[in-house]
Amino acid sequence: PQGDITVFVHATNAEQIFKIAHEVYTATKRFAFLDISSFKDSELSPEFLETLGNICLFVPEVTNLTARQSHAIEHYLLNRRVDPNEGVLIVCGSIHNSAELIRSLNLSLDFYQLVSQVRLSHLDATLSHDQLALYAETVTKAHRDLMMLALISQLGITSLGVDNPN
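Residues numbered from 1 in each chain as written. Predicted model: local features only at pLDDT ≥ 70, side-chain atom pairs only at ≥ 80, totals over all residues. Heavy atoms only, no water.

**Things to note about the side chain of His10**
Okay, so step 1: Summarising the element assignment, His10 is placed in strand E1 (residues 7-11).
Okay, so step 2: At a separation of 2.8 Å, a polar atom in the side chain of His10 contacts the main-chain carbonyl oxygen of His96. (Helix = DSSP H or I, 4+ residues; strand = E, 2+ residues; numbered from the N terminus. Polar contact = N/O pair within 3.5 Å; in protein donor to acceptor, adjacent residues only side chain to side chain.)

Quick look at the structure:
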């Protein structure tokens, strides 16, 4: 089970990807916003990502990930905690659409699905403050929903239903 959501931003240029990712970081109240390029390739491992704590890790263009970076992210996401308030929030981006990423650029479908639990697509030439706020709200709502599911799971509730009074 995954402890937090992952966000994937599709946009027309790198500046828009950065703005949306930074807005998501601000809305989710992480204590740091770090670009994956801040770390040496040799430093990256699932264990290292685990030590980073409650930050936002930004991947500006997913197609530029090295094999080691992809491996570290994938294994971190597959093995992380269930608590949605802990851990690294990974926000990836690309100027390519999902079909291009998977078919032409050879991004694994499993990896794409893992890093894109919430997908934000902005294909307009301009990006307004209202649009940024809407994207951030989408992510925070998904995070709240995940927190509720984690709480239900911790309480041992396996199904929800409404009793019929009749």
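Once you've had a look at it, read on.
**Comments concerning helix H3 (residues 67-79)**
Helical geometry: 3.6 residues make up each α-helical turn, so side chains three or four residues apart lie on a common side.
Okay, so step 1: Taking 1.5 Å as the rise per residue, H3 with 13 residues should run 18 Å; its terminal C-alpha atoms sit 18 Å apart, in good agreement.
Okay, so step 2: Those residues of H3 not exposed but buried are Gln69, Ser70, Ala72, Ile73, Tyr76 and Leu77. Looking down the long axis of H3, one finds its buried residues gathered within 165° of arc, a one-sided arrangement. The exposed set on the far side of H3, more than 90 degrees from its buried face, consists of Ala67 and Asn79.
Okay, so step 3: If you follow the buried residues of H3, they end up packed against helix H2 (46-51), strand E3 (56-59), strand E4 (89-94) and helix H5 (109-114). (Expected span 1.5 Å × (residues − 1). Buried < 20%, exposed > 50% of the residue type's maximum accessible area, 1.4 Å probe, protein only. Arc of directions from axis to C-beta. Contact = heavy atoms within 4.5 Å.)

**Structural notes on the pairing of strand E5 (residues 118-122)**
Okay, so step 1: Burial along E5 is one-sided: the face carrying Val118, Leu120 and His122 is buried and the face carrying Arg119 and Ser121 is not.
Okay, so step 2: Judged from the five bridges that link them, E1 and E5 form a sheet pairing that is parallel. Bridge pairing links His10 to Ser121 in E5. (Pairing = 2+ DSSP bridges.)

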